[in-house]
Amino acid sequence: MHTVPASGLLAASWLLIALPLAGAAVLLLGGRRTDRWGHLLGVATVAVAFVIGLACTVQLGGMSGSKSVNLDLFTFISAGTLDVKAGLLFDPLSAIFVLLITGVGSLIHIYSVGYMADDPGRRRFFAYLNLFVAAMLLLVLGNSYVALYVGWEGVGLASFLLIAFWYRRPAAVTAAKKAFVMNRVGDVGLALAIFIMFAQLGTTSFVGVLGSTGALAGGVLTALGLLLLLGACGKSGQFPLQAWLPDAMEGPTPVSALIHAATMVTAGVYLIARSAPIYDHAPAARTVVTIIGAITLMIGAIAGCAYDDIKKVLAYSTVSQIGYMFLAVGLGPIGYVAGLAHLLTHGFFKAGLFLGAGSVMHAMNDSVDMRRFGGLWRRMPVTFATFGLGYLALIGFPLLSGYWTKDAIIEAAFDHGGTTGYVLGGVGVLGAGLTAFYMTRLMFMTFFGRPRWDAGSASTPVDPHESPGVMTVPMIVLAVGSVAAGYLLTQAFPLSAWLSPVFGTNKLESHVVAPLWIGVLVIGAMVLGVAAAWLFVGRREVPVVRPARVSPVVRAARNALYADAINESLFMRPGQWLARALVFVDNRRVDGAVNGIAATLGGSSARLGRAQTGFVRSYALGMLGGAVVVAGALLAVTAG
Amino acid sequence: MTVLAAAAGTGTHLGGAETVVFWILGPIALAGALGMVFSRNAVHSALWLVNTMLCLGVFYVVQQAPFLGAVQIIVYTGAIMILFLFVLMLVGRDSSDSVVETLRGQRVAATVLGIGFAGLVGAGIARATTNLTVTGLNTDQLGGNGNINGIARLLFTRYLLAFEVTSALLITAAVGAMVLAHIEREPGSRRTQKELSRARFLTDRPQTLPGPGVFARGNSVAAPALLPDGRPAEDSLATGIEPQEIEQMPRPTDRAQLGSPDDALGTLDPARDDSPGGRTR
Amino acid sequence: MGAITAPSLSMAALAPFLFVFGAAAVGVLVEAFAPRDVRHPVQVGVALVGTIGGLVSTLLLAGRKEVTAGGALAVDGPALFLEATVAGLGALAVLLFAERALDPARSAFVAEAAVPAGSPRDAELLTSTRVQTEVYPLATFAIGGMMLFTAANDLLIMFVALEVLSLPLYLISGLARRRRLLSQEAAVKYFLLGAFASGFFLYGLALVYGATGSVRLSAVRAAVSTGGTGVLLVLGLGLLVVGLMFKASVAPFHTWTPDVYQGAPTPVTAFMAACTKVAAFGAILRLLYVGFGTDAWTWRPLIYGIAIVSMVVGAVLGLTQTDLKRMLAYSSIAHAGFLLTGVLGIGTGASGTGLPATLFYLLAYGVTTLGAFGVLTLVRDGDGEATHLSQWAGLAQRSPLTAAVMSLFLLALAGIPLTSGFTAKFAVFRAAIQDGAWPLVLVALLASAVAAFFYLRVIVLMYFSAPTADGPTVGVPGLPTTLVLAITATATLVLGIVPGAVLDLARSAAIFVG
Amino acid sequence: MTLSWYLVLAAVLFTIGAVGVLVRRNAIVVFMCVELMLNSVNLTLVTFARASGTLDGQVIAFFVMVVAAAEVVVGLAIIMSIYRTRRSASVDDANLLKY
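### What about the packing of aromatic side chains?
- The final tally for this structure, using the stated rule, is 45 aromatic pairs over all chains.
- Here the aromatic rings of Tyr128(A) and Phe165(A) are separated by 6.3 Å at their centres, their planes lie at 85°, and the arrangement is edge-to-face. Of this pair, Tyr128(A) sits in helix α4 (residues 122-141) while Phe165(A) sits in the loop between α5 (145-163) and α6 (170-201), and the two are 37 residues apart along the sequence.
- On the basis of relative accessible area, Tyr128(A) is assigned to the buried category, the value being 3%.
- With a centroid separation of 5.2 Å and 70° between ring planes, the pair formed by Tyr403(A) and Trp404(A) is classed as edge-to-face. A single burial state applies to Tyr403(A) and to Trp404(A), both of which are buried.
- Put simply, the rings of Phe84(B), Tyr170(C), Tyr190(C), Phe191(C), Phe246(C), Trp256(C), Tyr261(C), Phe373(C) and Phe31(D) pair up and form one aromatic cluster.
- In this structure, Arg274(A) packs its charged tip against the face of Phe206(A), placed 5.2 Å from the ring centre.

Here it is in structure tokens:
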């Protein structure tokens, strides 16, 4: 990897981080004085950062030669062989992340102005959001693993603060703690990987580490790959550390949109893509990445079918979609671009979906129970339209974003070759079908059918209404993105060309399965999913008009009891069991593991604490015991 | 000194005289240590410790350290242990420990660890030093003029810094004792001798106050004196110290009580003596 | 017999000690001769002059390498670095002692220690403006002892220094103005256990003397490198380590720490937590690296083990603490474990990066913990400092600045990037990894993940809880405390963001003289 | 008889002192047990001084005595001060700070 020093506007790329950070500082330290205009400052810093990022990207695009621009800021640590320079690396890979973070970030900031308008803590909220954006930008712009780690911890902290934003809800605080703990588990992996890099190479800069992967032993590289993967799993909510992500939906919805859908959870994908040279030399680790991706993809998709909480469904959908991305980047060179393209389009449509969900919640007095929605399309046309476009993009409706990028991943999976390729591809197709099912179910339950909400109390009547313009405009922009991004990124301005300085060009001449067939397969799965959803969810709500000419099968199916019996025995029961089992495992085993660890720690803490009896003599006893052990151990060491 | 130095053998084995001294005083020292740990009464403990320290002092002298032996006996045993005894008397001589161990398993654990520690360290040292050759201190090392000069020479050369720093320790000790014991009066609150005697003669009781602990079972400053009838004498209480409720010792029941002061002074048992006038029996 | 030739004393090398001990002696004289109403300001001034003089003269000595006072005192990089750290932190602690604006009772220290707690006179004196000003000379003596502890090239000096630093600490930890019963209990516990531990240290010293015929570390080193570590030396080393680990509050010799930290007056706790830790680790480093450095494999497994025990005990027990002072005490135990991972990074032939990393960690930790305890003095209720966790609920709404500063310190203790704690942890873990101790680092990372949880709990409580109606007030600190908090907070940030210069300094300092 | 008997005696005395600290409740007696530990250290030092033919051990023992004296003063002062408040010299009664 060859870098060139920054010049021109790129030399000012540190402003990207500094601006939101300054915003956060002003808002946090300014106190109530900034209550009136604080949110505007928050929006402005991110918007300006977006403009700068755009300009930097344009400049980068125009550069000839190496496209990795290095900007040394200062020497962070320099002591002997320990040499960490704080600096930024602006290359095509970080550029797309910068645009995603600041672009989607700006929209969500704008949306939040409306969404949080009535919240007394709005200034604090924007401070945390700005803090998050700054940390996230540092994560993707840092030129070394240490800088990345700094950002990594920063986003963890900001995410913690934001999940627990409504700290009076016990669920929010619990969710925040859970997120924090599971993230820390992942962080241990990342930290260990960094220490190993230091011990082996004496540096953690991307240039230094990735340039000398050839010099490392295979075992070390595999260990590095697995440890980095552990970190990525924690941050991205991948198996087995996925359980925190759905719970994190306790935070305000813009947070879910920005952090837990569009940006932070993709940090794991960034980490693995950035560490591509390590995985190139560690095929075992790479295989584990695909397996993790495939497992998570299925878990997310199946669990998504089981929830009635609109945000949880979207959260599991996120888990599942990030599983796709992991699957893609685990495939190696053929998958990187596909995975990153999906990451970008997913950023658009999932953010749009979350904002839509937020808009619905806004209208429904913060209810998230889809069983209490229904028929909202009439009341909230803009939300419905934007949400619908996001939905279509997500399920891979032809020519919308998801179609292009998800197809590419599935295509790459088949192209992986061999049985593995077929299995992975098959999982991808199955996942697409399930995605269509649960998303359609969500659409039906929320927007169609008969209204099912209560009247609400007299003081807060439930009266669904369209959200104000400050909220709908970002949704519209994101919807446009959901529609167009896929085409733009894969066909009009191929991302593969833009990223070729990072990953090289991988043009496969022959495919295992012809792209056409894959397209047909995926669309078929999608249609099946939608149809199933219509059959099992949508149909019950619409008045059944019995047509004159029907086949016996359909007639049988339309017989309510008969159909229900078949449904239950053939599809719903097993499906429910599977979903329930998964949810159970998710809630009990993984949560159980987390809670169990917490309980064990707390219990052992309390039990160990009893040793601190307050009696001097007990303390002296402990010391004498320690002395005996010390003397014994030393004697044993010298004797042995 | 030289006699002693000559008496101490060199080589691996020690002289017969020293062996005799060791085998007589060693057990006594050991008994003193055990006695200190096992005596219920704190004063007895202190005296047992004095016993051990005296034995050690003799050992020092035998082992070519006459100066240290003297210091051990004069300063350690003579001064420091007396300080301990002072404080014990201040706290109350009869504050004996109860036999019941309140911490569960403490004694067992302490014994096991003690045996373990002694086993490890004692056996280790014994193993490492069985063939320890005794070089012995020669006259030159003793400074030519004896042990004291030798120590002084080292004190002011090799250990000069430690010697100087020790002064900090002594100042700390003095300041510390003063901080915790010295009550500074508010300026101007101190009355002159004249004022004091005038004030005293204005009261009903011009004579001196009874001292604490007079006729009492406890002799701590906090224990009030007892009047002959067994009541506490209110004016015997020291100022600045909270009066202490003396726990009455159980009345001796064996023959030791015959002729004991209690026969003459009356009983302290309130069950038998509740009238202020004297004995009810 | 001939005349005694006095050993050469390098007065320049001794200058820091002369400053500090001199100031302490002057302080005692002030106590005797100065009128009462000027004593407090004068004592503060004397103590500050002494400690800052010590700091400055240490800094002026930078780069010097010699052994003086007949081989008893080492003047080398680690000694000077740690002496400067102790003197600087000591000066800050003196400032904390000097705060008189916070408490309605005008000081954290008792007016008259000799008056029994709870007596009528004691209640009378509670609001008196008098202060037991002897704490300043006593603390100054302790600072001198700590500085000497890190520079002792001789086990006897080490022992004397240990006592010089301990005795004043035993005394001043019993001098709290409020909750005197707890304070006195802390003093008794600290004293009895400290005397017990110094007995072990002394026995170790005797055994080392028996094995080598000398207590000079250079002689020990020579004996170890020629004859290996025999049984006597090994036992001696073990017992010496017991004594030192007690001072450094490493588990399983930590038991006094929570009780004493909680009971002692908070400025004293800050002083102990910061300076004693630095001094004790200075001595540990010197003993292990200089004395037994050539036979590191003897003590490495031991340090490995107790590092793990200490980290686990500190992190796990900290979880259920409800008192902030106790929580920080357990944190101090966990940090002792982290420091030991740095000690392990000695490398072959003492070439490892463990020494500079540990030096840096000590500085960073000392500054942060001093600041954290400093913040504790600000939050008060009618009964003195409000250290119960529940009383801190919603503090951010009462005083955003206090909450922000406390959060900074807690984040630094948790080792979150961009604070000094991260840089320091990074440095020691890296040193340990380079020495192949990666299982230890794994445990350390897990322990810090667990420990992060209880630090974060405080932050959550401050920011995300509704304040209780009868919650504590946040006092407006006077100049001294403000100064301390400003300095420590700035240093915590600077050492986190641009630690390069200080790391360089630690690296260039990291060479022992024999 | 060899010199190691002195050392073994010292080790045993040290242990008895240490155990005494653990089992006695009167703070002053506990402190006396610590003094016994210091005394046994002195015996060790003197013995080693004789064995190695260096006077250093005696000087160190001398220092130990000085330090012990200072420690005794401070320790007894602390014990007295808590005694005056609590009316008890039992270390078990100092039990407010725990867990």
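### Looking at the environment of Ile125(B)
- Within the secondary structure layout, Ile125(B) lies in helix α5 (residues 106-129).
- Separated by 92 residues in the primary sequence, Ile125(B) and Ala33(B) have C-alpha atoms spaced 20 Å apart.

### Quick notes on the interface of chain D and chain B
- On the side of chain B, 94 residues touch chain D, which itself brings 69 residues to the contact.
- In this assembly, chain D packs against chain B so that about 7100 Å² is buried in total across both faces, 72% of it on carbon and sulfur atoms.
- The interface formed by chain D and chain B includes two salt bridges.
- For the pair chain D and chain B, the number of links is 16 residue pairs in polar contact (both at pLDDT 80 or more).
- Listing elements by their share of the side of chain D that touches chain B, those giving two or more residues are α1 (4-23), α2 (27-52) and α3 (56-86) of chain D.
- Considering every element that reaches the side of chain D that touches chain B, the biggest residue donor is α3(D), with 23 residues.
- Among the residues making up the side of chain D that touches chain B, the classes are represented as 48 nonpolar, 13 polar and eight charged.

### As for the confidence of the model for chain A
Residues and elements named next belong to chain A.
- Across chain A, the average pLDDT comes to 79, with 85% of residues at 70 or higher.
- Element-level mean pLDDT values for chain A span from 42 in helix α23 (residues 552-558) up to 89 in helix α11 (residues 267-274).
- With pLDDT under 50 throughout, residues 541-568 is counted as low confidence; its partners more than four residues away or in other chains account for 26 contacts.

### Section: the sheet that holds strand β3 (residues 379-381) of chain C
Residues and elements named next belong to chain C.
- On the basis of which strands lie adjacent, the open sheet formed by three strands has the order β4-β3-β5 and antiparallel pairing. Only two strands of the sheet have a single partner each, and these edge strands are β4 (384-385) and β5 (473-474).
- For β3 and β5, the ladder comprises two bridges, and the chain directions are antiparallel. Counted as the bridge partner of Arg380 is Thr473 from β5.

### A few points about the interface of chain C and chain B
- Listed per partner, the contact involves 50 residues of chain C and 38 residues of chain B.
- Regarding the contact of chain C and chain B, the summed buried area is about 3500 Å², with carbon and sulfur atoms giving 74% of it.
- Linking chain C with chain B are zero salt bridges.
- In this structure, the connection of chain C to chain B is made through one residue pair in polar contact (both at pLDDT 80 or more).
- When residues of the side of chain C that touches chain B are traced back to their parent elements, those giving at least two are α1 (11-33), α2 (36-60), α4 (120-125), α5 (135-151), α6 (155-172), α7 (180-212) and α9 (231-247) of chain C.
- Here the side of chain C that touches chain B is composed, by residue class, of 36 nonpolar, five polar and nine charged.

What counts and what doesn't
Residues numbered from 1 in each chain as written. Chains lettered and ligands numbered in written order. Predicted model: local features only at pLDDT ≥ 70, side-chain atom pairs only at ≥ 80, totals over all residues. Heavy atoms only, no water. Phe/Tyr/Trp six-rings, centres within 6.5 Å; stacked < 30°, edge-to-face > 60°. Helix = DSSP H or I, 4+ residues; strand = E, 2+ residues; numbered from the N terminus. Buried < 20%, exposed > 50% of the residue type's maximum accessible area, 1.4 Å probe, protein only. Lys NZ or Arg CZ within 6 Å of the ring centre and 35° of its normal. Contact = heavy atoms within 4.5 Å. Buried area = accessible area lost by both parts, 1.4 Å probe. Salt bridge = Lys/Arg side-chain N within 4 Å of Asp/Glu carboxyl O. Polar contact = N/O pair within 3.5 Å; in protein donor to acceptor, adjacent residues only side chain to side chain. Nonpolar A, V, L, I, M, F, W, Y, C, P; charged D, E, K, R; others polar. pLDDT = per-residue confidence, 0-100. Pairing = 2+ DSSP bridges.

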